[in-house]
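Residue-level listing of the chains:
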Amino acid sequence: MLTREEGEEEQEEEEEAKGRRRAFSINDNVDLLAEILGRLDGRSLAVAGCVCRLWNALGRRDSVWEAVCHRHVAGGGSSAAGGGCSTRSVVAALGGYRRLYRLCIGPALDRLAGSAGGRGSTTTTAAAAAAHHLSLSLSLSLFSIDCYERLGGRQQPPASLLFLCKPVDVS
Amino acid sequence: MSSSFRSDVGTDPCDSVGDDRWWMASASDRGSSRGEIDGLLQGAGYRVRSTDLRHVAIGLEQLESAMVGDQCAASSAEAVVHYNPSDLTAWVDSMLSGLAPDPNLLRHPQSTATANAWADPTRQRPSSLHRLENHQQHRNVPAVSLQSMEEEEDAAIRLVHLLVSCADSVQRGDSEMAGSLLDQARLALARVNTGFGIGKVAGYFVDALCRRLYPPPLCGGGSAANPEILYHHFYEACPYIKFAHFTANQAILEAFQGHDRVHVVDFNLMHGLQWPALIQALALRPGGPPLLRLTGIGPPSPDGRDALREVGLRLAELARSVQVRFAFRGVAATRLEHVRPWMFQVAPGEAVAVNTVLQLHRLLGDRASPEGGDAAAAEPIDTVLAWVVGLKPKIVTVVEQEADHNKPSFLDRFTEALFYYSTMFDSLEGGSHRSGGHQTQQQQTVVAAVAEAYLQREMCNVVCCEGAARVERHEPLARWRDRLGRAGLRAVHLGSNAFKQASMLLTLFSGEGYCVEEVDGCLTLGWHSRPLISASAWRADDDASPPRDHQTLLVLQDHSSSVVDGDDHLQPAA
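Residues numbered from 1 in each chain as written. Chains lettered and ligands numbered in written order. Predicted model: local features only at pLDDT ≥ 70, side-chain atom pairs only at ≥ 80, totals over all residues. Heavy atoms only, no water.

Q: Sorry, what's going on with the nonpolar core here?
A: Most often, soluble globular proteins have nonpolar side chains that are buried together. Grouped together as the largest cluster of nonpolar side chains are 138 residues, with contacts concentrated most on Phe205 and Tyr240 of chain B. Counting 27 residues, the second largest nonpolar core, distinct from the first, contains Val265, Val388, Val396 and Val398 of chain B. (Core = buried A, V, L, I, M, F, W, Y, C linked by side-chain atoms within 4.5 Å. Buried < 20%, exposed > 50% of the residue type's maximum accessible area, 1.4 Å probe, protein only.)

Q: Please clarify how the environment of Cys522 of chain B should be interpreted in this entry.
A: All names here are of chain B. The residue Cys522 is located in strand S8 (residues 522-527) in this model. Given a relative accessible area of 2%, Cys522 falls into the buried group. On a C-alpha basis, the gap between Cys522 and Leu494 in space is 6.1 Å, while along the polypeptide they are 28 residues apart. Residues within four places of Cys522 in sequence aside, it is in contact with Leu477, Arg481, Leu494, Glu517, Ala535 and Ser536. (Helix = DSSP H or I, 4+ residues; strand = E, 2+ residues; numbered from the N terminus. Contact = heavy atoms within 4.5 Å.)

Q: Mind showing me how you'd approach the packing of aromatic side chains here?
A: Both the distance between ring centres and the angle between the ring planes are used here to describe each pair of aromatic rings. Residues and elements named next belong to chain B. Following the criterion strictly, the structure yields 12 aromatic pairs over all chains and no others. Between Phe234 and Tyr240, the ring centres sit 6.3 Å apart and the planes meet at 15°, which makes this aromatic pair stacked. Their ring planes at 75° and their centres at 5.0 Å tell us that Tyr514 and Trp527 sit as a pair that is edge-to-face. Taken together, the residues Tyr514 in strand S7 (residues 514-519) and Trp527 in strand S8 connect sequence positions 13 residues apart. (Phe/Tyr/Trp six-rings, centres within 6.5 Å; stacked < 30°, edge-to-face > 60°.)

Q: What should I look at first to understand the pairing of strand S9 (residues 530-540) of chain B in this one?
A: Here is the key point about a regular strand: its side chains alternate between the two faces of the sheet. Residues and elements named next belong to chain B. Most of S9 is tucked away: 8 of the 11 residues are buried. In this sheet, S9 lies alongside strand S5 (residues 395-401) in antiparallel orientation, the contact comprising 6 bridges. Looking at S9, one finds that Val398 is bridged to Ser536. Bridging between strand S6 (residues 489-492) and S9 involves 4 bridges; their strand directions are antiparallel. Across the sheet, the residue bridging to Val492 is Ala537, located in S9. Summarising the sheet, S8 and S9 pair through 5 bridges and their orientation is antiparallel. (Pairing = 2+ DSSP bridges.)

Q: Just checking my understanding: could you explain the environment of Glu151 of chain B for this structure?
A: Residues and elements named next belong to chain B. Turning to its location among the elements, Glu151 is positioned in helix H10 (residues 147-172). On the basis of relative accessible area, Glu151 is assigned to the partly exposed category, the value being 32%. Taking the C-alpha atoms as reference points, Glu151 and Arg191, 40 residues apart in sequence, are found 9.0 Å from one another.

Next up, the structure:
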């Protein structure tokens, strides 16, 4: 009798465990979540950062933005280990990938998509970037100029990237 | 023959037979027979009888006003078949008959006034100015809806004409005539929109001519505006300087491949905006960054603070953050020809790059003869180029305005400057039609306005100053090629990477209007197919004979190398 009860309890536990395995939560697998979020485009990733604290924290991880940047830019697809490390350190010194995307790559992609016919969907943005070969090196150059302007505390706000400001759509 | 064409045009009561007879009479006075083909037009490929010239002229003018004033007329004209355009008379008539016959156009009472102006070359006409006025009267009546635009166009054309005539009188030394023309120009300015376009440019040129005729008591025209601030706003408002920097950096980067110690000499440091991108690119180059030394030349700061050193410190901070070994030296000099190569302390074994953005033209002098005699007195440019070559640089990047503002004749310079700067101002306006957020909109207008002030200052120097005061002596790329070639430099092709980068930069910047072109290994950036700025790269020719003071240079280098060995530290050198 005791063994049967134990067996039943074990069975229930097993079923519960199975149930838990079936109710998979992505929030338990942060690395997987980061991998997925890194495949979004910039705007969607920023929106994803508004879901919950965990997603917000992930949305601030520079490695996630690094994946986003490399995905949207020609010449940054598969970075070799050595090259990737030095690029990472340089970008980190200049302000990080998240900032790089916000200041340089994002507006540039918007500008390119706008000039490519005004299609607003995200997939064509990536296609437009590939078609125009927006290079990582050009974005980094612009980023470095902006970073340099912020050094030294000048009175005027840095304006070298003003030309990338996307037009305000008031329609 | 002409009478049959007259019937096509329509019976004009004012177009009396008397005029016709008078015209034929004057033609026979000049001795030409009735059916003779006009020689000048024949040279251009058109066969027009000299007796029909007046008729063709009237017809062309009517055609022009009809096509400009009426859109649907142009489309209906496509349905008409025209034969043999070299027979200009028949062509004009068939075009006119193809358009909807407009009574206003065809029977214009004032057309005879213009026709008379053309018909009689022997009658005294003081200047083409009056012809332009007649032209303007004729244009006043048709196409009522576009009347104001045409008037404004004509007023603008007249204004340009006045400016050129004024410049001509200035060149001849006739200051009275120049003064009166200038007054007329000011009056004409009132009828043109001076907010944009040709009106704005003309306004600036009127001011410049005024300043030349009546120099202000404070000499030099030195405005209170800091040239660095003007330059910075010009940098932001349009892509010319950015294009220059990026192209030069690309060339320097490629030339520095494989070298561990590199030295860049910048002829005009300003805020040092060119160098962060180079520092970052060197940090990321395969094989690791080299030891970078930067020597920046600039004017001495008026208020005692060391502006060059401040820029150097900022660059050093940036370099430190990306882990590039960096050393800076500032050389303060009022004029570039006062600089000597020993001030750079080039170490042996260093790869040297010389970077001049819009600086070399300041070293030129007056051109002696139209062909530019090369045996003239040694100009500062020759001295400077000699020691540049003596440094044995791996690359010399030269960026210059693509214009000829150093012609010996003032009128030529003036007309060139008029076209060049109107294109520049057009590009500023064309580029500034990007809208941004609230603050950035204001910022952008301010930036654009200050950029215009920068251009205005440059333009004033071209127009108003002479002799040593005139520093904006722009010369086109072809002349620079000759000059640099004679000095012992060989051209380096800029490569497709630079071209792609420049194109991408322009697409980002505003897209429409700007165009990058490659000319024989050099890149030019222009507005609507008019090149405005050119970037080229050069290297020291290995077979070039050493300059005269080469021996002295060697001695000096030995001397400086001992200093550098002990001095090779990582923080910026003052």
